[in-house]
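Fold and contact review
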Amino acid sequence: MTFDGITKTYGDGTQAVKDLSLEIEDGELIVFVGPSGCGKTTALRMVAGLEEISSGEIRIGDRVVNDLDPRQRDIAMVFQNYALYPHMSVFDNMAFPLASQGVPRKEIKDRVERTAALLDLSDHLRRRPRNLSGGQRQRVAMGRALVREPQVFLMDEPLSNLDAKLRVQMRVEISRLQRHLDITTIYVTHDQVEAMTMGNRIVVMRKGVLQQLGAPQQLYDRPVNLFVATFVGSPAMNLFEATVQERADGRFSLELGRQTLELPAHVDGHVLRPYRGRKIALGVRPEHLLPPQAAGDNPRLRANIDLVEPLGSDRLVYVSFPGHPVVTEDVLESARDVDEAAKESLQGAHREGTVTAVARYDPEADAPVGAAQDIGVRADKMHFFELETGARI
């Protein structure tokens with residue numbers, strides 16, 4: 001399947017999707033992720049034929065589908081609301097699209113029963129939707145799409161109405177089912193945890209523009225800009241304003257407020273040379289902030305421990321120190337997607353000259369609340385970004 005320069009422009013001039021181009025492999029589960037209004041659902045709806053394409057081409061197999069009716073595109077779609085018929089049984093809900101196409105009754109029965117077995121719904125075929133759990137109703141909605149045996153399966157926020165435990169369960173089930181059926185699947189979500197755990201590849205969107213396309217680990221390890229860096233990962237990457245300095249011996253250091261991080265000799269700082277004397281954004285994942293006893297020869301940062309959240313397998317340690325968080329438009333938009341208060345808190349911290357960060361510690365690591373600690377910063381896991389453009393250095 002191919003997106004070739006796809007653009008969607010509305011009558012008022014708003015561009016919801018801008019020049020989107022990508023190839024989706026047969027049998028691939030690809031996830032579109034991004035904040036509200038980024039264009040991910042619009043892109044999906046253009047594939048489905050529910051939105052007109054302003055320019056560019058969408059090809060499914062060898063066919064250009066721009067001007068085909070939705071029912072001619074050989075796709076099936078699952079929405080966040082299940083849209084089940086309450087007066088029909090599970091069997092009749094799943095059989096409905098086949099009956100509408102005039103498929104013979106024997107084939108309908110075989111396909112519904114086969115799909116129900118895949119979805120663990122065989123014992124519920126005579127029940128009505130109101131007598132099912134949320135997870136079971138979602139499986140019925142999936143079954144109704146799957147019985148059509150489509151070439152492409154489209155899923156628009158399918159788990160958003162489920163509670164946290166069911167979401168985890170259904171993520172596993174959808175991934176298992178998609179691998180078993182080997183159906184090309186486009187999955188849209190605003191939840192980056194869903195994206196990271198389910199997708200063969202992830203498409204990160206922002207303001208209608210593709211920011212980065214790659215495998216989940218690639219996006220996590222090498223985000224191409226500040227927006228992707230802050231959007232992918234939970235907790236989010238810590239970002240600090242830092243001034244680059246080169247010493248007489250050719251080694252580099254980073255000034256964070258009143259502290260200096262001396263980069264070890266084994267760290268190749270040549271990428272920082274063009275930024276000598278300039279401010280950049282330093283990014284560090286929570287697991288790469290280390291308790292003192294594990295810091296080794298990594299540079300250390302003096303910080304106050306404000307809060308500790310025990311999670312069983314590890315602990316989240318919230319710290320603060322004098323300095324400035326990064327408050328570029330990229331970062332603020334990612335914070336705003338959490339809630340407006342997160343954005344305002346970030347801006348307030350910048351005005352006050354206080355940096356807050358979160359570290360992921362081993363549960364046995366010492367982290368006394370209210371104390372100051374010399375926290376290690378893994379030098380080989382630092383990320384550098386331009387403040388002006390947000391691009392990775």
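Described below are features of the structure shown in this document. Note that the coordinates shown come from a computational prediction; the quantities given were computed from them, not determined experimentally.

**Focus on the packing of aromatic side chains**
Scanning the entire structure with this criterion turns up 4 aromatic pairs. When the ring of Tyr85 is compared with that of Phe96, the centres are 5.0 Å apart and the planes differ by 55°; the resulting orientation is tilted. Placement of the pair is Tyr85 in the loop between strand 6 (75–78) and helix 2 (90–100) and Phe96 in helix 2, with a sequence separation of 11 residues. A relative accessible area of 31% means that Tyr85 is categorised as partly exposed.

**Focus on the nonpolar core**
Counting residues in each nonpolar core, the largest one holds 46 residues, and the members touching the most others are Met94, Val112, Met142, Phe153, Tyr187 and Val204. Those residues in contact with Tyr187 that sit more than four places away from it in its chain are Leu29, Ile30, Val31, Phe32, Met155, Pro158, Leu159, Ile174, Glu194 and Met198. Leu261, Val267, Ile305 and Phe384 belong to the second largest nonpolar core, which has 33 residues in total.

**Here's the deal with the sheet that holds strand 3 (residues 29–33)**
Spatially, 6-7-8-3-9-10 is the arrangement adopted by the 6 strands of the open sheet, whose pairing is mixed. Of all the strands in the sheet, the pair left with one neighbour each is strand 6 and strand 10 (209–214). Strand-to-strand, the axes of this sheet are offset by a mean angle of 20°, without reference to chain direction. As defined by bridge partners, strand 3 adjoins strand 9 (residues 201–206) across 4 bridges and the pair is classed as parallel. Counterpart to Val31 in the pairing with strand 9 is Ile202. Sheet strands in contact with helix 4 (residues 134–146) are strand 6 and strand 7 (152–156), and its direction is about 170° off that of strand 6.

**Some details on helix 1 (residues 40–48)**
Most of helix 1 is tucked away, with 7 of its 9 residues classed as buried. Turning to helix 1, its buried residues number three or more, namely Lys40, Thr42, Ala43, Leu44, Met46, Val47 and Ala48. Positive phi appears at Gly49, one or two residues downstream of helix 1, with a value of about 90°.

**A look at the packing of helix 2 against helix 4**
Interhelical geometry of helix 2 versus helix 4 gives an angle of 30° and a closest axis separation of 7 Å. Crossing geometry of helix 2 relative to helix 4 is assigned as right-handed. Contacts from Val90, Asn93, Met94 and Pro97 in helix 2 reach Val140, Gly143 and Arg144 in helix 4.

The rules behind these values
Residues numbered from 1 in each chain as written. Predicted model: local features only at pLDDT ≥ 70, side-chain atom pairs only at ≥ 80, totals over all residues. Heavy atoms only, no water. Phe/Tyr/Trp six-rings, centres within 6.5 Å; stacked < 30°, edge-to-face > 60°. Helix = DSSP H or I, 4+ residues; strand = E, 2+ residues; numbered from the N terminus. Buried < 20%, exposed > 50% of the residue type's maximum accessible area, 1.4 Å probe, protein only. Core = buried A, V, L, I, M, F, W, Y, C linked by side-chain atoms within 4.5 Å. Contact = heavy atoms within 4.5 Å. Pairing = 2+ DSSP bridges. Axes fitted to C-alpha atoms, helices over the stretch in contact; angles between N-to-C directions. Left-handed = near helix turned anticlockwise from the far one by under 90°.

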